[in-house]
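Each chain is listed here by its residues.
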Amino acid sequence: MVQDVECYPEYQKLEGFLKCILRILKLSFKPWTLLRGYEKFILVLIYNIYSLISAVFTLVYFEQNLMAILLRIMVIAGFIEVLIKSLVIIMQTNKLKILFLFIEEIHQIHEFDLITDSAKFYMKHLKRSLGLIKIILRILFLGMLMASVAMTFYIFYTDSMALAVPGVFPSANSSLFYQHVHQCICFQISTVIISMSDTVIIIIGFYFIAVLNIFQDIIQHIKKFNSRNKEGVLIQLYKFHCNILEKFNIFSEVFYYFIAVQIAASAIFILCVFFLVLSEKSFIPLFVLVHGQFAVICIFGELIYSKTERLSTELYLTNWYELGSKEQKILLMMMFMSQKTIGLKAAGMYDINLTMFIEVVKAGVSFLTILYTLA
């Protein structure tokens, strides 16, 4: 028996929003054939390459002090992050469609005849994830807006330069007003692009947590199986488990470079922003945003790892001893697959979890003390 979850219409609106983001990033709202499909990279490449040139030009040719250098390094790291994140989203459109389809299928409840109240598992966790996603996105958009406005205010107020027009060299008598307008426009565009890119991974990522919660709840209720068709239900669970692992592998492939650049950029930001926020209170929104972004990705990695790590234990705690030999073999295969926990890794090497968050923040504090000795 198949039915739609009650919150499915809300997810459809969310998915429509995501697809709109992809069309904007790819410029696919208007069909182009001039460059044989490469036109989807034009907007992102032109803007980000121009911004990087502008940031490097400012770092090299404009007046420098420790605070200005740190700010410009952060700007360069930020534009590299924007470039790689937006390119990842554009290049992996087909695989993203597979993940969207997977989430749609999860919203169609496949009622297990032998598990009582299985529909409640879907409704509870999908509703919770949808509500959590909405809260996180509101905080993200508000935080990025506040950080962008605060940085723009600081630049205008102190007459600082973080993103000059390339080729326009500093002059003692020239007005910086048009330079400030240029910086403001670039920062706002970057804020929009990075917000759209982060929205994609947040929505897909937290739905994966919902799927793992659903699967875990079904395992915990395995004792309520009807004795006549246990093998059929276990086969369904085995297929469900394989589907989850397959889709998470796709998720890891799609967001491999996305997550790597997020971790690298966050580490650079945290190392620099401690000094900036203690020197100028206008950077408080940026300080909160940087730590919030990094914390969300680390918490997500921690949740994925902890939930998949517990699956093997949950399978072992079932009444497997009451099952027949065929059912026990299916359960054993699921336990074997659960032995290898899945999780996020930065550049395929470093586990992304709360330990990483704590270590990077500690490194930021240590780097702050070094900067104060040099200042």
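Keep in mind the model is a prediction, meaning the values are calculated, not measured. All residue numbers refer to positions counted from 1 along the written sequence of the respective chain. Residues qualify for local features only when their pLDDT is at least 70, as the model is predicted, and side-chain atom pairs are given and counted only at 80 or more; totals for whole chains, interfaces and linings, by contrast, use all residues. For side-chain calculations, the full set of non-hydrogen atoms in the structure is used, while hydrogens and water are omitted.

Some points on the overall build of the chain
Going by this rule: A helix here means a DSSP run of H or I that spans at least four residues, while a strand means a run of E at least two residues long, and both kinds are numbered starting from the N terminus. Each residue's exposure class comes from its accessible area (1.4 Å probe, protein chains only) as a fraction of the maximum for that residue type: buried when under 20%, exposed when over 50%, partly exposed otherwise. Using a 1.4 Å probe, the Shrake-Rupley method yields the accessible areas, and only the shown protein chains count as cover for residues.
Helices and strands together make up the secondary structure of the chain, namely 11 helices and four strands. Per-residue burial over the chain gives 52% buried out of 375 residues. Counting every atom, the chain has about 18,300 Å² of accessible surface; 65% of that belongs to carbon and sulfur.

Digging into the nonpolar core
Put simply, the rule is: Side-chain atoms within 4.5 Å link the members of a nonpolar core, which is a set of buried Ala, Val, Leu, Ile, Met, Phe, Trp, Tyr and Cys residues. Any two residues having at least one pair of non-hydrogen atoms within 4.5 Å are treated as being in contact.
Of all hydrophobic cores here, the largest spans 117 residues; its most connected members are L96, I204, F251 and F255. Here this core gets 21 residues from one element, more than from any other, and that element is helix α6 (residues 177-220). Dropping the residues within four chain positions of it, F255 is found in contact with I89, L96, V200, I201 and I204.

Quick word on the UniProt feature "transmembrane region" (unreviewed entry) in the chain
Applied cut-off: UniProt positions are given in the numbering used here, feature names are shortened, and annotations may be inferred rather than shown by experiment.
In the numbering adopted here, UniProt assigns the feature "transmembrane region" (unreviewed entry) to residues 41-62, 68-90, 135-157, 200-219, 254-277, 283-305 and 356-374. Span residues 135-157 is 100% helix and 0% strand, its end C-alpha atoms 32 Å apart.

Some details on the packing of helix α3 (residues 66-91) against α6
Here is the rule: Between the N-to-C directions of two axes lies an angle of 0 to 180 degrees, each axis being a line fitted to C-alpha atoms and, for a helix, fitted only over the stretch in contact. Geometric relationships in this document are graded by angle, where less than 35 degrees denotes roughly parallel, more than 145 denotes roughly antiparallel, 65 to 115 denotes roughly perpendicular, and other angles denote oblique. Left-handed describes a crossing in which the near helix is turned anticlockwise from the far one by less than a right angle; the clockwise case is right-handed. Three classes are used, and their members are as follows: Ala, Val, Leu, Ile, Met, Phe, Trp, Tyr, Cys and Pro are nonpolar, Asp, Glu, Lys and Arg are charged, and the others, Gly among them, are polar.
Two elements in contact, α3 and α6, have axes whose closest approach is 9 Å; the angle formed by their N-to-C orientations is 45 degrees. Judged on the interaxial angle alone, α6 and α3 are oblique. The interaxial crossing formed by α3 with α6 has left-handed handedness. On α6, the residues that touch V75, F79, E81, V82, K85, S86 and I89 of α3 are F187, S190, I193, I194, S197, D198 and V200. Partitioning the contact of α3 with α6 into residue classes produces eight nonpolar, three polar and three charged.

Details of a nonpolar patch on the surface
Operational definition: Patch rule: a residue counts if its relative accessible area is over 30% and it has no salt bridge; like charges are joined within 9 Å, and nonpolar side chains (Val, Leu, Ile, Met, Phe, Trp, Tyr) within 5 Å. Salt bridges, as used here, are contacts in which a Lys or Arg side-chain nitrogen is within 4 Å of a carboxyl oxygen on Asp or Glu.
Taken together, the side chains of F156, F177, V181, I185 and I189 present a nonpolar region at the surface, about 430 Å² in accessible area. A per-element tally of the nonpolar patch places α6 first, with four residues. Here V181 is to be found in helix α6.

With respect to the pattern of salt bridges
Per the counting criterion, the structure on display carries six salt bridges. Notably, a salt bridge pairs K85 with D198, separated by 2.8 Å at the nearest N-O pair. Linking K85 in helix α3 with D198 in helix α6, this pair joins segments that are 113 residues apart in sequence. A relative accessible area of 4% means that D198 is categorised as buried. Note that E359 is salt-bridged to K362, the shortest N-O span being 3.8 Å. Linking E359 with K362, this pair stays in helix α11 (residues 354-374), spanning three residues, or about one helical turn.

Side note on unusual backbone geometry
Backbone geometry follows two general trends: most residues other than glycine have a negative phi, and most peptide bonds adopt the trans configuration. Phi is positive for D159, close to 60 degrees, though the residue is something other than glycine. With respect to the helices and strands, the residue D159 is situated in the loop between α5 (118-158) and α6.

Considering helix α4 (residues 93-106)
Threshold: A helix's residues, less one, multiplied by 1.5 Å, set its expected span. For this quantity, the arc is that covered by the directions from the helix axis to the C-beta atoms.
Its 14 residues give α4 an end-to-end C-alpha distance of 20 Å, which sits within 8% of 20 Å, the value for a rise of 1.5 Å per residue. Where α4 is concerned, the buried positions are T93, L96, L99, F100, F102, I103 and I106. The arc that holds every buried residue of α4, seen down its axis, measures 165 degrees, which confines them to one face. Exposed residues on α4 whose side chains face more than 90 degrees from its buried face are N94 and K97.

Description of the packing of aromatic side chains
Working definition: an aromatic ring pair is given by the centre-to-centre distance plus the angle between the planes. Note the threshold: Stacked, edge-to-face and tilted are the three classes for Phe, Tyr and Trp ring pairs, Trp counted by its six-membered ring, which pair at centre distances within 6.5 Å; planes under 30 degrees apart are stacked, over 60 edge-to-face, the rest tilted.
Using the criterion set out here, one finds 19 aromatic pairs in the structure. Judged by centre distance (5.0 Å) and plane angle (85 degrees), the rings of Y61 and F169 are edge-to-face. Taken together, the residues span a long stretch of sequence, with Y61 in helix α2 (residues 42-61) and F169 in the loop between α5 and α6 at a distance of 108 residues. Centre to centre, the rings of F251 and F300 are 5.9 Å apart; their planes meet at 65 degrees, and the pair counts as edge-to-face. Separated by 49 residues along the polypeptide, F251 in helix α7 (residues 230-254) and F300 in helix α9 (residues 284-316) bring together distant segments of the chain. On the accessibility criterion, F251 (0% relative accessible area) is buried.

Considerations on the side chain of S129
Along the polypeptide, S129 turns up in helix α5. With near-sequence residues (within four places) excluded, S129 lies in contact with F206, Y207 and A210.

Points about the packing of α9 against α11
Put simply, α9 and α11 touch, their axes get as near as 7 Å, and they point 150 degrees apart. Classified by the angle their axes make, α9 and α11 are roughly antiparallel. Across from H291, F294, A295, C298, I299 and E302 in α9, the residues of α11 making contact are L354, M356, F357, V360 and V361. Classifying every residue of the contact of α9 with α11 gives nine nonpolar, one polar and one charged.

A closer look at the environment of M334
Position of M334 among the secondary structure elements: in helix α10 (residues 325-339). Assessed through its relative accessible area of 1%, M334 is described here as buried. Sequence-wise, M334 and L234 are 100 residues apart; in three dimensions their C-alpha atoms are separated by 9.4 Å. For M334, the contacting residues outside a window of four places in its chain are F215, L234, L237, Y238, H241 and L315.

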